[in-house]
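Given next are the chains, with one letter for each unit.
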Amino acid sequence: FLLPAPLCLLTLLLPPLGLGAPMSPAEPISQAYSLALYMQKNTSTLLQTYLQCQGSPFSDPGFSAPELQLGSLPPAAVSFKTWHALNDRERLSCAQGAFLALTQHLQLVGDDQSDLNPGSPILLAQLGAARLRAQGLLGNIAAIMTALGLPIPPEEDTLGLVPFGASAFERKCRGYVVTREYGHWTDRAVRDLALLKAKYPG
Amino acid sequence: MPEDYTPDVRTDYIAQMMDISLYLKRPSRMGDSKRMRMTSNFQWLLLTVLLLYLMNQVNSQKKRTPRDLKCITNNLQVWDCSWRAPSGAGHGAAYEVCFENGSHSCYRLEKNIKLPALLPGDHEITINPLHDFGNFISKFTLNEKNVSLIPDAPEILDLSADFSTSTLHLKWNDKGSVFPHHSNVIWEIKVLRKKNMEIVKLVTHNTTLNGRDTVHHWSWISDMPLECATHYVGIRCYIDDPQFSGRKEWSDWSPLKNISWSPASQTKVFPQDRVLLVGSDITVCCVTQEKVLSAQIGSTYCPLIHLDGKNVAIKIRNISASESSGTNVVFSVEDNMFGTVIFAGYPPDIPQKLNCETYDLKEIICTWNPGRPTFLVGPRNTSYTLFESFSGKYVRFKRVELPTNESYQLFFQMLPNQEIYNFTLNARNPLGQSESTLLVNITEKVHPHIPTSVKVKDISSTAVTLSWHLPGSFAKIKLLCQIEINKTNSVHELRNVTMRGIENSSYLAAVDKLNPYTIYTFRIRCCTDPFWKWSKWSNEKQYLTTEAIPSKGPDTWREWSSDGKNLIIYWKPLPINEANGKILSYNVSCSSDEETQSLSEIPDPQHKAEIQLDKNDYIISVVAKNSVGSSPPSKIASMEIPNDDLKIEQAVRMGNGILLTWNYDPNVTCDYVIKWCNSSRSEPCLMDWKKVPSNSTETIIESDQFRPGVRYNFFVYGCRNQGYQLLRSIIGYVEELAPVVAPNFTVEDTSADSILVKWEEIPVEELRGFLRGYLFYFEKGERDTSKMRVLESGRSDIKVKNITDISQKTLRIADLQGKTSYHLVLRAYTDGGMGPEKSMFVVTKENSVGLIIAILIPVAVAVIVGVVTSILCYRKREWIKETFYPDIPNPENCKALQFQKSVCEGNSALKTLEMNPCTPNNVEVLETRSTVPKIEDTEIISPVAERPEDSTDAQPENHVVVSYCPPVIEEEIVNPGADEAGGASQVIYIDIQSMYQPQAKPEEEPENDPVVGTGYKPQMHLLVTSTVEDLAADDDLDKTAGYRPQANVNTWNLVSPDSPRSTDSNSEIVSFGSPCSINSRQFLIPPKDEDSPKSNGGGWSFTNFFQNKPND
């Protein structure tokens, strides 16, 4: 957790080793948990940077539009009861699906913003970093699923053809939803992994 | 059409009616004027009734004939004429219409007639209704002027909308084929909005008819997005045919066509992603099924404009430039937000400072400045295209993600055999475009690359070749290159080389006129001819040229050693530009007629050689050698030609150095040599020398070795054939400083009024300048007083002597006071300032002569007086004895004292020694006030100083003057022997006292003391006064007049001189003498209290001395 970020990322991005050999799930869980915690630290910064670049009213203090949602991105919000009742496979599959969608959406938002805000390299860098971390977490979740002997769901194109004709305003809103949901999903992933960590102690 | 037609017919009808009524009115008006005189209301009524009857008659007749012929045309070819049918005619009534148009033609028809357009002019038309009342034929005169031209209502072929640009496109046919000739058409188009059809636009559009059917287009950009509300469009026309003389009227409006946007189920905001010019206005609407609560642009809320349904719009005026992500417009509904982004910016500025040049004649690089920012980024950013019109080629500028205000650049590949290029740079963004052009002959715009691979090769010790690489194909042009030659500690030199450009980029140039064995730094830059820009300087290339033989022999000088046996030869290392290489060694040879001595291979750092020579005339030659060869020898003669009349002169640096001048000497043939050294060094002393050509008469000696305050000796030698002769010897300073020490001085001699001071010279090292003099200060003063510290503050009591004669080494200070301490200060000074001071305290001797005189004279006088007195007394001893102490005193002879009588004359109270009035035992006592008696010490205390005080004390006193005689008589009786002795001494004392006492006393005492005693007075001057009664008179008399020993009576009873008793004398009881004294009588009669203090001061004594002192 205290490792320098690039080194940490490098280790996390490595493909899970030895797929054949059964591995203790504790280590990938711990790694994924560390990464999720690290991601959690930056999600609000990403959201703030993102909103700051979109102009008013997005950049107004206290901006929030919870009503905005994306059909292609599963919402992280879930009732506690439902969440608690999830089994490992469901829990990991949900996270896997969400972060898969998030990586694709973050890529999309990055492209959108390079049109809208080509003069904001900080935002573009943060979006790129968030996408890389989401990919890293995806890999970690896959490692956990492998370690637990769970089937890994196939990767899907969650975006499809829909979003390309979006207007600038839709892109801004879309980016807002993506960066917001990225934070929510990261928070949820931290909880998920904490639960798994407790369940599978090292 | 029918509605419009009816009013036109009515107007015609009314016009006809008016004609008739006017016609009828005329006769009635004449009748009216006749009846006016009768003036009756009845007549008026009658007239009206008549008029109505007549009109009715006319009307009823008209109603029976076709009337109100009205002709219109919509194509100028056919006139459509119609008339009003007679009142009785049925619907299917037929008419025969005949008209004259070249030929008489009649038509049988029902209602109206379409006749071809008639020629201009009046045409008669008869209309005969073909029913039973045959005789009612109407005749009309038809003229083109009465025909109205009313075109058919145009028909909209197509109304379409471009929603993205909010543009309506209208298409219609002008049906020009139906019109016989060309004419202008005015179209009026109206645009209506919303369901309540507010007119938002009404425009006219002019076209011409050219005999063919033409489809016209009209486009209109709506200020409101077309999606926001339904838009309706209608059109009508007006044909302005100049050949048609009749009335022209607007056609009817075409049927309205509308454009509406079929709203999807979801809410949308229009327009989306619109790019706008800063400052323009825009309407943004929200097409929605929900209730819009608010709308805002950025953070500013805007009032809502309600459209059809729940659609709303906002109007944004004078929009300001957007940030890079655009300006957001947001509509908020209950639980959602919808919006759009507007990008407000500027069209591209004209590209500024467009400049095209080439580095290598292979590729053209064009740079420009974008000018004013457009505020549009990303896909809306300005795109640039560089187009070359001669070749038709172009290059596009690739979008930079981070636009900067720095210059943009584009590369354009040069085309073979094309030198002139006409570039057009086109800048384009969604708001517009601009361009800038440049016509350039590229061979004149060559900015070569930096030359690389600079190499140097030897040609000789003074020439090299330089080669370098200059990328580019300059085969057809000339190159001008500049070679910068840098030599250490020298100004850099630029040499231009012109050369033909070559294809393979390697260039070569020779550089000559270099110095051997010198480090040069070369660098190169190039430009083309004609000049456009220099390339950057190439990297520096350092090169050491090869060695050559030294060009000159070393500068040589010689000195004889101090013992005169050896000749020391000095030479200076050759400067680098004369050495032409590294000097390895020197060869020295001394040759005379007889012999030659030589020292060879003296290694370089040594610049001195010593050769033992006799005093012959030698020629010394020194040769420097480097690896290439030997220098020409430099020669110097050993002989020194003596010069007798030499003076040592002084010089101080003026400006840069010490200026030495000498007179021109024609004998000096070779040169002058000035050598100098530190004067404190021992011989042979040589710091440096300088050679000056023989034609000069002055030189300035400069050296870094010169230090201020150090004395240097300069020697000017003139060179003759045989040798050098010393011409001048100069001592000098580069800067004079103040001496560091004070001259050491001593007092040679002191007397009572003068001091002789002697000092030593200050050593040259410590003098630090030419001595200009000494300052000598002196004043009275003790060693420990501090006032000497402020010696120079100009106090008047300090005496200063400025000794400018520096050869002077002594000074006598006269007019001093004897036995006084003097503070003496001596300091030296140069032009550089004052040296430190040295001080000394000297006490002058006592003035012995004066003292001796002061002592000797009184002693001598006293001795002489004593001797004279003694002689006199001896000589006159008989007489004295007879006079003063006769064996048997003869009162007759008592004349010796009678001389006093004259003194006492005038004093009635004086009865001294007057026998007759002297009645024995009769004492006269005068009352006196007591005062402090004083004893005068004539020897110690100056009588001048003491006397007045004494006299003032004495003034108020009333001395007790006692008749002298009785005691004398009494004494004489009692003790004649003692009287005799007392009488003998009395004479002396009278004399001595008369020196002082009578001077003052006669003035004072005679007045107050009429009975002052002038006879015998005791040595003790007891001025006893008394305020006593008669009883005390006796005692007082005793005290004052009785015999007293010369002893100090005070000491007997005064314990200590400073005891209180001695001063507090009023209460003191003083007793004089001891009980065994001759004055013991006093013991028996105690003195009065007041007397004793007076007697205290009596007598000369130490105690008295001490007591008196405080009074002084």
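Rules and cut-offs
- Residues numbered from 1 in each chain as written.
- Chains lettered and ligands numbered in written order.
- Predicted model: local features only at pLDDT ≥ 70, side-chain atom pairs only at ≥ 80, totals over all residues.
- Heavy atoms only, no water.
- Helix = DSSP H or I, 4+ residues; strand = E, 2+ residues; numbered from the N terminus.
- Buried < 20%, exposed > 50% of the residue type's maximum accessible area, 1.4 Å probe, protein only.
- Areas by Shrake-Rupley, 256 points an atom, 1.4 Å probe, with all protein chains shown as cover.
- UniProt positions renumbered as here; feature names shortened; annotations may be inferred.
- Axes fitted to C-alpha atoms, helices over the stretch in contact; angles between N-to-C directions.
- Parallel < 35°, antiparallel > 145°, perpendicular 65-115°, else oblique.
- Left-handed = near helix turned anticlockwise from the far one by under 90°.
- Nonpolar A, V, L, I, M, F, W, Y, C, P; charged D, E, K, R; others polar.
- Disulfide = S-S within 2.5 Å.
- Pairing = 2+ DSSP bridges.
- Core = buried A, V, L, I, M, F, W, Y, C linked by side-chain atoms within 4.5 Å.
- Contact = heavy atoms within 4.5 Å.
- Patch = residues over 30% accessible without salt bridge, like charges linked within 9 Å, V, L, I, M, F, W, Y side chains within 5 Å.
- Salt bridge = Lys/Arg side-chain N within 4 Å of Asp/Glu carboxyl O.
- Lys, Arg positive; Asp, Glu negative; His and termini not counted.
- Charge placed at Lys NZ, Arg CZ, Asp CG, Glu CD.
- Polar contact = N/O pair within 3.5 Å; in protein donor to acceptor, adjacent residues only side chain to side chain.
- Phe/Tyr/Trp six-rings, centres within 6.5 Å; stacked < 30°, edge-to-face > 60°.

### Observations concerning the overall build of chain A
Here is step 1: Per the secondary structure count, chain A includes 6 helices and 0 strands.
Here is step 2: When its helices and strands are written in sequence order, chain A yields α-α-α-α-α-α.
Here is step 3: Across the 202 residues in chain A, those meeting the buried criterion constitute 49%.
Here is step 4: For chain A, the accessible surface area stands at approximately 9,300 Å², while carbon and sulfur atoms represent 63% of it.

### Quick word on the UniProt feature "transmembrane region" (unreviewed entry) in chain B
Here is step 1: Taking the numbering used here, the UniProt-annotated feature "transmembrane region" (unreviewed entry) corresponds to residues 849-874 of chain B.
Here is step 2: Counting secondary structure, residues 849-874 of chain B comes out at 100% helix and 0% strand; the distance between its end C-alpha atoms is 35 Å.

### Structural notes on the packing of helix 4 (residues 88-116) of chain A against helix 6 (residues 168-199) of chain A
Residues and elements named next belong to chain A.
Here is step 1: In contact at an axis separation of 8 Å, helix 4 and helix 6 are set at 150 degrees when each is read in the N-to-C sense. In terms of axis orientation, helix 4 runs roughly antiparallel to helix 6. The chirality of how helix 4 crosses helix 6 is left-handed.
Here is step 2: Of the residues belonging to the contact of helix 4 with helix 6, the class tally is 17 nonpolar, 3 polar and 11 charged.

### Some points on the state of the cysteines
All names here are of chain B.
Here is step 1: Counted according to the given criterion, the structure contains 6 disulfides over all chains.
Here is step 2: Here Cys-356 pairs with Cys-366 through a disulfide, and the sulfurs are 1.9 Å apart. Across the disulfide from Cys-356 to Cys-366, rotation about the S-S bond amounts to roughly 110 degrees, and the bridge is consequently right-handed. Linking Cys-356 in strand 26 (residues 352-358) with Cys-366 in strand 27 (residues 363-369), this pair joins segments that are 10 residues apart in sequence.
Here is step 3: Residue Cys-356 is classed as buried on the basis of its relative accessible area of 1%.
Here is step 4: Classification of Cys-366 as buried rests on a relative accessible area of 0%.

### Let's talk about the environment of Ser-34 of chain A
Here is step 1: Residue placement: Ser-34 of chain A occurs in helix 2 (residues 26-53).
Here is step 2: Between the alpha carbons of Ser-34 of chain A and Val-190 of chain A there is a distance of 8.7 Å; along the sequence they are 156 residues apart.

### Quick word on the sheet that holds strand 32 (residues 432-441) of chain B
All names here are of chain B.
Here is step 1: Across the sheet, which stays open at both edges, the 4 strands sit in the order 29-28-31-32 with antiparallel pairing between neighbours. Each having just a single partner strand, strand 29 (393-396) and strand 32 make up the two edges of the open sheet. In this sheet, adjacent strand axes meet at a mean angle of 20 degrees when their direction is disregarded.
Here is step 2: Direction of pairing for strand 31 (residues 420-429) relative to strand 32: antiparallel, over a ladder of 10 bridges. Considered in strand 32, the bridge of Phe-423 is made with Leu-438.

### A look at the nonpolar core
Here is step 1: Phe-99, Leu-137, Tyr-176, Tyr-182 and Leu-193 of chain A together with Met-337 of chain B are the most contacted members of the largest nonpolar core, which totals 56 residues.
Here is step 2: Looking at this core, the elements with two or more residues in it are helix 2, helix 4, helix 5 (121-148) and helix 6 of chain A together with strand 25 (336-345) of chain B.
Here is step 3: Of all the elements, helix 6 of chain A adds the most residues to this core, at 12 residues.
Here is step 4: Residues within four places of Tyr-176 of chain A in sequence aside, it is in contact with Leu-47, Tyr-50, Leu-51, Phe-63, Ser-64, Ala-65, Pro-66 and Leu-68 of chain A.
Here is step 5: In terms of nonpolar packing, the next biggest core, distinct from the first, is built from 44 residues, Leu-361, Tyr-384, Tyr-520 and Phe-522 of chain B among them.

### Digging into a negative patch on the surface
Residues and elements named next belong to chain B.
Here is step 1: Taken together, Asp-593, Glu-594, Glu-595, Asp-614 and Asp-617 make up a surface patch of like negative charges.
Here is step 2: Following the sequence through the fold, Asp-593 ends up in the loop between strand 42 (583-591) and strand 43 (596-603).
Here is step 3: Classification of Asp-593 as exposed rests on a relative accessible area of 76%.

### Let's talk about the interface of chain A and chain B
Here is step 1: Taken residue by residue, the interface counts 21 residues in chain A and 27 residues in chain B.
Here is step 2: Where chain A packs against chain B, one counts 14 residue pairs in polar contact (both at pLDDT 80 or more).
Here is step 3: At the level of secondary structure, the elements contributing two or more residues to the side of chain A that touches chain B comprise helix 4 and helix 6 of chain A.
Here is step 4: Along the lines of polarity and charge, the residues of the side of chain A that touches chain B split into 10 nonpolar, 7 polar and 4 charged.

### Some remarks on the sheet that holds strand 46 (residues 634-637) of chain B
All names here are of chain B.
Here is step 1: Strand order across the open sheet formed by 4 strands is 43-42-45-46, with antiparallel pairing between neighbours. The outermost strands of the open sheet, each flanked by one partner alone, are strand 43 and strand 46. Each strand of the sheet is rotated relative to its neighbour by a mean of 15 degrees, with strand direction disregarded.
Here is step 2: Relative to strand 46, strand 45 (residues 619-626) is paired through 4 bridges, and the arrangement is antiparallel. Residue pairing across strands places Val-622 opposite Ser-634, the latter belonging to strand 46.

### Section: the side chain of Arg-188 of chain A
Residue and element names in this part refer to chain A.
Here is step 1: As for its placement among the helices and strands, Arg-188 is situated in helix 6.
Here is step 2: This buried residue, Arg-188, is left without a salt bridge; Asp-192 holds the nearest opposite charge, at 4.0 Å.
Here is step 3: Of note is the side chain of Arg-188, whose polar atom sits 3.0 Å from the backbone oxygen of Ala-76.
Here is step 4: Arg-188 has contacts with Pro-75, Ala-76, Val-78, Trp-83, Leu-86 and Cys-94, leaving out every residue within four places of it along the chain.

### Side note on a nonpolar patch on the surface
Here is step 1: On the surface, Leu-851, Ile-855, Val-859, Val-863, Val-867 and Ile-871 of chain B cluster together into a nonpolar patch covering about 490 Å² of accessible area.
Here is step 2: Within the secondary structure, Ile-855 of chain B is located in helix 5 (residues 848-875).

### Section: the packing of aromatic side chains
Residues and elements named next belong to chain B.
Here is step 1: Under the criterion given, the structure shown has 33 aromatic pairs over all chains.
Here is step 2: Relative to Tyr-507, the ring of Trp-468 lies with its centre 6.4 Å away and its plane at 20 degrees, an arrangement referred to as stacked. Residue Trp-468 is found in strand 34 (residues 463-469), and its partner Tyr-507 is found in strand 37 (residues 506-511); the two are separated by 39 residues along the sequence. The pair formed by Trp-468 and Tyr-507 is uniform in burial state, with each residue classed as buried.
Here is step 3: On the basis of an interplanar angle of 40 degrees and a centroid distance of 6.2 Å, the ring pair of Trp-676 and Phe-714 is categorised as tilted.

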